[in-house]
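Structural overview
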Amino acid sequence: GHELGHLKSDHSLYLTLGGLAAAPLRGLPLVGGQAERLLQEWRLAAEYTCDRAALLVAQDVDVVAGAMLKLFAGTARATNAKAFIDQAREYDRLLESANPLVRNSIRMQQRTHPLPVRRLAELEKWFQGEAYAGIVGSRSSDVDPAR
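Residues numbered from 1 in each chain as written. Predicted model: local features only at pLDDT ≥ 70, side-chain atom pairs only at ≥ 80, totals over all residues. Heavy atoms only, no water.

**What to know about helix H3 (residues 29-58)**
If you check H3, its first and last C-alpha atoms are 45 Å apart, about what 30 residues at 1.5 Å a residue would give, namely 44 Å. Those residues of H3 that sit buried are Gly32, Ala35, Leu39, Gln40, Leu44, Ala46, Glu47, Cys50, Asp51, Ala53, Ala54 and Leu55. Positive backbone phi, at 55°, marks Gln59, one or two positions downstream of H3. (Helix = DSSP H or I, 4+ residues; strand = E, 2+ residues; numbered from the N terminus. Expected span 1.5 Å × (residues − 1). Buried < 20%, exposed > 50% of the residue type's maximum accessible area, 1.4 Å probe, protein only.)

Below you can see the structure in the form of structure tokens.
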């Protein structure tokens, strides 16, 4: 579901266009850094979008969390997704009360994907929210039980 989300959202096209647009700006003192930061924020947001796509496909947050945890850990062995989700919630709580310099430092780190704990925390929040319920609920009401 995650990779299908990248395909359906045309992420490779937009990432390529963003990279091409940012390339000539890289050498400019203030603008180049800002363009790179915006592109990096978009990359991370795209990963969250695709995590949501995986949840829409599976419609079970524990299944998606378990699959993600196995990918993060690099093992097919059984993992405790519930414990990891609990850690993600705790991470969120601790980050909210952390020193602003610490929060900013974490935010500014360059990475291709969000931290695994952030990804699961955001996925859990979205799963508990109205947006997910609205999408899943509207799809189930479109199904004709007579078919």
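On we go.
**Here we look at the packing of aromatic side chains**
All told, the structure shown has three aromatic pairs when counted by the stated rule. Centroid distance Phe72 to Phe84: 6.4 Å. Interplanar angle 45°. Geometry classified as tilted. Placement of the pair is Phe72 in helix H4 (residues 61-73) and Phe84 in helix H5 (residues 81-97), with a sequence separation of twelve residues. Taking relative accessible area as the criterion, Phe72 reaches 29% and is therefore assigned partly exposed. With a centroid separation of 5.2 Å and 50° between ring planes, the pair formed by Phe127 and Tyr132 is classed as tilted. (Phe/Tyr/Trp six-rings, centres within 6.5 Å; stacked < 30°, edge-to-face > 60°.)

**Concerning the confidence of the model for the protein chain**
When pLDDT is averaged across the protein chain, the result is 85; 92% of the residues are at 70 or more. Taken element by element, the protein chain is modelled with least confidence in helix H6 (residues 100-108), mean pLDDT 78, and with most confidence in helix H1 (residues 2-8), mean pLDDT 92. (pLDDT = per-residue confidence, 0-100.)

**Some remarks on the environment of Gln59**
Relative to the helices and strands, Gln59 resides in the loop between H3 and H4. Sequence separation of Gln59 and Leu20 is 39 residues, and the distance between their C-alpha atoms is 36 Å. With sequence-adjacent residues up to four places away left out, Gln59 is seen in contact with Tyr132 and Val136. Among the polar contacts made by the side chain of Gln59, one reaches the main-chain carbonyl oxygen of Leu56 at a distance of 3.5 Å. (Contact = heavy atoms within 4.5 Å. Polar contact = N/O pair within 3.5 Å; in protein donor to acceptor, adjacent residues only side chain to side chain.)

**Looking at the environment of Asp10**
Summarising the element assignment, Asp10 is placed in the loop between H1 and helix H2 (11-22). For Asp10 and Tyr48, which are 38 residues apart along the polypeptide, the C-alpha to C-alpha distance reads 14 Å.

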